[in-house]
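Chains, contacts and geometry: an overview
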Amino acid sequence: MFDNLSEKLDKALHNLKGHGKITEINVAETLKEVRRALLDADVNFKIAKEFTNTVKDKALGQNVLSTLQPGQLMVKIVKDELTQLMGGDAEGVDLSGNPSVILMSGLQGSGKTTFSGKLANFLKNKKTKKPLLVACDVYRPAAIDQLHVVGEQIGVEVYSDRGNTDPVVIAQAGIAHAKTLGCNVVIIDTAGRLAVDQEMMDEISNIHKAIQPQETLFVVDSMTGQDAVNTAKAFNDVLNFDGVILTKLDGDTRGGAAISIKSVVNKPIKFIGTGEKMEAIDVFYPSRMADRILG
Ligand code: GDP
């Protein structure tokens, strides 16, 4: 995960990690290289620039050059800022409702159906949660089949209504069904398109208004880099979602989406997907991710 970025940042910070004399000049050079490493990882230009400016200001503010171990302090400032950029403290999912309704949004292929299954499995394993999955993709029968396969795999009930073409009605009926089954979490998987379009936005917005979920999650493929950030912005404008799910972090992603998304939409990354299997889900901890990136 983020091997390339990790390697480049390690190289950039190498001089500081060594114990050579640290001067204003090599701090400036280091920051330039840090910025380049972020840009190479597909981090938005403005964010990369702000990042290095903040690190510089903090270094000046803490009078880094006159401290005993200036290199280590600089590395710590970079790590803290990276953590901050990706979201500060980890935030959970609101499960206070009865049932708690979680609405999935995102483009087709982003990993919504897979993640719906992973989250249901994750919650089911907590013992106090009994989830129900609801299939609201009325355009692709294969998507409904896929959710049923996932449900069977993890032993979670799936609600669908193949004859119905209104996703709002299906979502509402799904929630009613959850109540009769005694399920305390309802995860609603929705349709996605290959690109943002008005029809899809209207549809997800109508579902959102009708069911008023406790949590609206935006699922995005981290391999899509800068596009991931643009798509997040479009969905957030319409849904004002609560959190982001970054999928496919097991792939050869450069990491730009993970680093940029929080500061662009100001919503936390809540979970990450790290594989196709139902167990490949992790709660997102920004500080752990920063540790991983900076080694
Ligand atoms: P949806 O159209 O948004 O519902 O996307 P799907 O859940 O069908 O996922 C699209 C493809 O991505 C499928 O082949 C999934 O197996 C795959 N996929 C989903 N999440 C991950 C992940 O975290 N890692 C990897 N490697 N593949 C994933």
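Being a predicted model, the structure only gives us computed values, none of them experimental. (Residues numbered from 1 in each chain as written. Predicted model: local features only at pLDDT ≥ 70, side-chain atom pairs only at ≥ 80, totals over all residues. Heavy atoms only, no water.)

A separate point is the overall build of the protein. Counting its secondary structure elements, the protein contains 11 helices and eight strands. Along the first, second and third principal axes, the C-alpha atoms of the protein reach 70 × 40 × 30 Å. Residues classed as buried in the protein amount to 52% of the 295 residues present. Taking contacts inside the protein between residues at least 6 apart in sequence as the whole, the part at least 24 apart equals 75%. Carbon and sulfur atoms make up 47% of the accessible area of the protein, which amounts to about 13,800 Å² in all. Here the protein contributes 34 positive and 37 negative side-chain charges, whose respective centroids are spaced 4 Å apart. (Helix = DSSP H or I, 4+ residues; strand = E, 2+ residues; numbered from the N terminus. Buried < 20%, exposed > 50% of the residue type's maximum accessible area, 1.4 Å probe, protein only. Contact = heavy atoms within 4.5 Å. Areas by Shrake-Rupley, 256 points an atom, 1.4 Å probe, with all protein chains shown as cover. Lys, Arg positive; Asp, Glu negative; His and termini not counted. Charge placed at Lys NZ, Arg CZ, Asp CG, Glu CD.)

Turning to the pairing of strand β7 (residues 269–273), a few remarks are in order. With five of five residues buried, β7 is to be regarded as a mostly interior element. The β-α-β motif built from strand β6 (residues 243–247), the intervening helix α10 (residues 256–265) and the parallel element β7 has right-handed crossover chirality. Pairing analysis gives three bridges linking β7 to strand β8 (residues 281–283), with the strands arranged antiparallel. Note on β8: the bridge partner recorded for I272 is D282. (Right-handed = clockwise from strand over helix to strand, strands pointing away. Pairing = 2+ DSSP bridges.)

On to the nonpolar core. Note that soluble globular proteins tend to have their nonpolar side chains buried in a common cluster. Core analysis: the biggest nonpolar cluster contains 70 residues, and L5, I188, I259 and I293 have the highest contact counts within it. Of the residues forming this core, the biggest block, seven residues, is contributed by helix α4 (residues 70–86). Counting 23 residues, the second-largest nonpolar core is a separate cluster that includes M104, F115, L123 and M278. (Core = buried A, V, L, I, M, F, W, Y, C linked by side-chain atoms within 4.5 Å.)

Turning next to the side chain of D137. Checked against the element boundaries, D137 lands in the loop between β2 (131–136) and α6 (141–154). Looking at D137, the relative accessible area reads 7%, which means it is buried. Among the polar contacts listed, one links the side chain of D137 to the backbone nitrogen of Y139, at a separation of 3.0 Å. Within polar-contact distance, the side chain of D137 engages the backbone nitrogen of R140 at 3.2 Å. With sequence-adjacent residues up to four places away left out, D137 is seen in contact with A143, I144, D189, T190 and A191. (Polar contact = N/O pair within 3.5 Å; in protein donor to acceptor, adjacent residues only side chain to side chain.)

What follows deals with the site of the ligand. Not every one of the 17 residues close to the ligand is listed here, only the nearest: G109, T113, T114, D250 and E276. In this structure, an oxygen atom belonging to the ligand sits 2.9 Å away from a side-chain N or O atom of Q146. Look at the ligand: alone it shows 580 Å² of surface, and the protein chains cover 79% of it. Here the shell around the ligand gets four residues from one element, more than from any other, and that element is helix α5 (residues 112–124). For the shell around the ligand, the per-class residue count stands at one nonpolar, 10 polar and six charged. (Near = heavy atom within 4 Å. Nonpolar A, V, L, I, M, F, W, Y, C, P; charged D, E, K, R; others polar.)

In this numbering, the UniProt entry assigns the feature "domain: SRP54-type proteins GTP-binding" (unreviewed entry) to residues 268–281. Structurally, residues 268–281 is divided into 0% helix and 43% strand, and its ends, taken at the C-alpha atoms, are 16 Å apart. (UniProt positions renumbered as here; feature names shortened; annotations may be inferred.)

The strand order across the open sheet built from eight strands is β3-β2-β4-β1-β5-β6-β7-β8, with neighbouring strands paired in mixed fashion. Across the chains shown, the open sheet's two edge strands, defined by having one partner strand only, are β3 (158–159) and β8. Two elements, β2 and strand β4 (residues 185–190), share six bridges in a ladder whose sense is parallel. Within β4, the residue paired with A135 across the bridge is D189. Strands β2, β3 and β4 of the sheet are contacted by α6, whose axis makes an angle of about 165° with β2. (Axes fitted to C-alpha atoms, helices over the stretch in contact; angles between N-to-C directions.)

Packing of helix α1 (residues 3–17) against α4 brings their axes to within 8 Å, and their N-to-C directions diverge by 150°. Across the interface between the two elements, L13, L16 and K17 of α1 pack against G71, Q72, M74, V75 and V78 of α4. Tallied by class, residues from the contact of α1 with α4 come to five nonpolar, two polar and one charged.

Looking now at helix α8 (residues 198–211). Quick reminder: α-helices carry 3.6 residues per turn. Residues three or four places apart thus point the same way. Between its terminal C-alpha atoms α8 stretches 20 Å, which fits the 20 Å expected from 14 residues at 1.5 Å a residue. Burial in α8 covers these residues: M200, M201, E203, I204, S205, I207 and I211. Where α8 is buried, its residues touch β1 (100–105), β2, α7 (167–181), β4 and α9 (226–239). Between a side-chain oxygen at the N-terminus of α8 and the backbone nitrogen of E199 the separation is 3.1 Å; the capping residue is D197. Positive phi appears at Q212, one or two residues downstream of α8, with a value of about 40°. (Expected span 1.5 Å × (residues − 1).)

The next thing to look at is α4. With 17 residues, α4 ought to run about 24 Å at 1.5 Å a step, and its terminal C-alpha atoms sit 24 Å apart, in line with that. Within α4, burial applies to P70, G71, M74, V75, I77, V78, E81, L82, T83, L85 and M86. Where α4 is buried, its residues meet α1, α2 (24–40), α3 (45–61), α10 and α11 (286–294).

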